[in-house]
Amino acid sequence: MTDLAPLRFNAFAMNCVSHINHGQWVRDDTRQTSYTDLDTWVDLARTLERGHFDALFLADVIGTYDTFRGGRETAVREGLQIPVNDPSLLVAAIAHATEHLGLAFTQSVLQEPPYNFARRLTTLDHLTKGRVAWNVVTSYLESAAKGLGLDGLPLHDERYDRAEEYTDVLYQLLEGSWEEDAVVRDRARGIYADPDRIHDIHHEGRFYRVNGPHLSEPSPQRTPLLFQAGSSERGREFAARNAEAVFLGAISPEGARAQVDDVRARAVAHGRDAGDILFFQGLTLIIGSTEEEAARKLAAYRDNTSLDGFAAHLSGSLQLDLSQVDFDAPVGEIDTNGVQGFVRSLVEGAPDKTWTFGEALRARAWTRPVAGVPERIADELEDWRRAGIDGINLSYVTTPGSFTDFADHLAPVLQKRGLLKTEYTEGTLRQKLFGRGNRLPASHPGARYRRG
């Protein structure tokens with residue numbers, strides 16, 4: 001047994017064909033092409049609950065990856081996050097089929113006015129009995145701006161300015177519009193809610209104007225649990241003020257420790273407690289009954305990886321057309337002058353300078369893969385936990401296979417070590433993750449809008 005607290009575990013997925021590990025959807029042992037079938041998601045959620053996962057986290061993107069080779073053709077051919085369906089519509093159905101699993105979904109602040117989005121959040125929090133979370137994102141694809149009717153994608157810092165104002169409006173609506181005892185349900189007098197205890201908000205800001213009351217009565221969490229994944233300077237500041245859970249993509253436990261310490265210190269500077277934020281490291285686990293089997297599985301998956309799909313995904317994220325770099329050129333011959341930092345890091349980080357650029361790119365095409373028997377994987381997870389990580393965000397290679405392997409083979413080992421809970425606690429998602437109340441803590445900026 002370990003003296004470390006149990007890790008939290010999220011299953012990382014997306015309502016599309018190919019999410020992160022591109023090229024795997026063609027395999028016979030995955031249900032990725034059945035993403036439009038609700039049974040696929042319900043079956044997955046029940047597997048996750050059997051494996052004592054804390055949440056199913058649903059990624060999302062608005063726009064298409066159209067930077068690679070100058071268009072979206074590669075993304076379309078690869079099923080690379082297009083077609084993609086609305087993740088929030090899965091939440092209520094999955095909640096009905098499960099009892100404890102948290103349900104986090106992603107939506108950009110550019111997509112919808114906060115007045116309407118507040119109602120959706122409250123509705124989902126009611127229907128899930130307080131198990132919903134929102135992953136706050138600001139969008140990064142130029143094609144998203146075109147589809148949403150904007151003149152162009154706002155600059156990076158302006159997108160975070162919008163996010164700060166957007167979340168502030170939501171806090172006013174969710175926390176301050178309806179008093180705690182506004183709903184009286186007095187059958188004798190025929191009064192459902194007391195008008196004097198429901199208040200308009202009056203917000204006149206740089207990006208949003210909202211005047212009126214929140215349309216929904218308070219839900220179990222009022223404000224759903226707040227996730228965030230930005231790692232830039234502005235992203236870290238936003239997380240320090242607003243986030244309750246932050247996703248990391250560190251390449252080592254030491255790197256994770258530095259980011260965790262930085263964001264926690266910023267949170268304290270904003271008047272929050274250091275423990276108000278949980279940190280989830282992204283990993284892909286390949287579990288085998290022997291080390292040889294795990295190695296064979298990883299090799300097979302890597303052979304199946306679509307280099308074009310990964311390059312198109314990364315090109316969109318970086319807004320840099322990676323097709324301009326020769327995939328067949330040895331990295332030792334690539335002139336790194338004038339190229340962006342990622343390409344330079346890829347070239348400099350290749351262990352063998354005779355590797356081609358394509359080989360180096362393929363080696364980075366995974367979300368921090370860890371392959372081995374359950375005991376060795378548990379050892380590595382302990383290292384991450386000692387570095388200050390609170391949880392793991394697990395990407396899949398095949399679905400539900402990657403998560404079934406976790407539930408059937410890794411979970412028992414983690415439970416024996418005290419790294420995975422053996423039973424769920426009652427309450428909302430916030431209560432389950434933090435063990436303290438259903439609502440935002442008093443130190444959170446959203447709490448200042450509460451009345452009484």
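These figures come from a predicted structure and were not determined experimentally. (Residues numbered from 1 in each chain as written. Predicted model: local features only at pLDDT ≥ 70, side-chain atom pairs only at ≥ 80, totals over all residues. Heavy atoms only, no water.)

Caption draft 1: Quick look at the packing of aromatic side chains. Within this structure, the stated rule accounts for 19 aromatic pairs. Both rings, one in Phe53 and one in Phe403, keep their centres 6.0 Å apart while their planes meet at 90°; by these two values the pair is edge-to-face. Here Phe403 lies in helix α14 (residues 401-416) and Phe53 lies in the loop between α1 (38-50) and β2 (55-59), a separation of 350 residues in the sequence. Given the relative accessible area of 0%, Phe53 is considered buried. Seen in terms of ring centroids, Phe207 and Tyr208 are 6.4 Å apart; in terms of plane orientation they differ by 55°. Their pairing is tilted. Among the aromatic side chains, those forming a connected cluster through ring pairs are Phe105, Phe117, Trp134, Tyr166, Phe207 and Tyr208. (Phe/Tyr/Trp six-rings, centres within 6.5 Å; stacked < 30°, edge-to-face > 60°. Helix = DSSP H or I, 4+ residues; strand = E, 2+ residues; numbered from the N terminus. Buried < 20%, exposed > 50% of the residue type's maximum accessible area, 1.4 Å probe, protein only.)

Caption draft 2: Here's a closer look at the side chain of Thr428. Among the structural elements, Thr428 can be located in the loop between α14 and α15 (429-434). The residues touching Thr428, leaving out its near neighbours within four places in the chain, are Lys129, Gly130, Pro220, Gln221, Gly437 and Asn438. (Contact = heavy atoms within 4.5 Å.)

Caption draft 3: Spotlight on the pairing of strand β1 (residues 8-14). Of all 7 residues in β1, 7 are buried, a share of seventy percent or more. Burial of β1 is two-sided: the residues Arg8, Asn10, Phe12 and Met14 facing one way and the residues Phe9, Ala11 and Ala13 facing the other way are all buried. Here β1 runs beside strand β13 (residues 391-395); their pairing, made up of 5 bridges, is parallel. Residue pairing in the sheet places Ala11 in a bridge with Leu394 of β13. Taken together, the 5 bridges between β1 and β2 define a ladder with parallel strand orientation. Opposite Ala11, over in β2, you have Leu56 as the bridge partner. (Pairing = 2+ DSSP bridges.)

Caption draft 4: Molecular detail of the pairing of strand β4 (residues 132-137). Burial of β4 is extensive: 5 of the 6 residues sit out of reach of the surface. Direction of pairing for strand β3 (residues 102-108) relative to β4: parallel, over a ladder of 6 bridges. By the bridge assignment, Leu103 is partnered in β4 with Val132. For the handedness criterion, the β-α-β arrangement of β3, helix α4 (residues 114-127) and β4 is classed as right-handed. The sheet contact formed by β4 and strand β9 (residues 225-228) spans 4 bridges and is parallel. Each residue of the ladder has a partner; that of Trp134, found in β9, is Leu226. (Right-handed = clockwise from strand over helix to strand, strands pointing away.)

Caption draft 5: The arrangement of the nonpolar core in detail. Core analysis: the largest hydrophobic core is formed by 74 residues, its most contacted members being Phe9, Leu56 and Phe406. Ranked by residue count, the leading element in this core is helix α6 (residues 156-176), at 8 residues. Not counting residues up to four positions away in its chain, the partners in contact with Phe406 are Phe9, Gly51, Phe53, Leu285, Ile287, Leu394, Ala411, Leu414 and Leu420. If you look at the next biggest cluster of nonpolar residues, it comprises 33 residues, including Cys16, Ala133, Phe357 and Leu429. (Core = buried A, V, L, I, M, F, W, Y, C linked by side-chain atoms within 4.5 Å.)

Caption draft 6: Seen up close, helix α3 (residues 88-97). For α3, the complete set of buried residues consists of Ser88, Leu90, Val91, Ile94, Ala95 and Ala97. Taken down its axis, α3 places every buried residue within 150° of arc, on the same side. Summarising the geometry of α3, the exposed residues directed more than 90 degrees from the buried face are Leu89 and His96. Buried residues along α3 sit in contact with α1, β2, β3, α4 and β4. (Arc of directions from axis to C-beta.)

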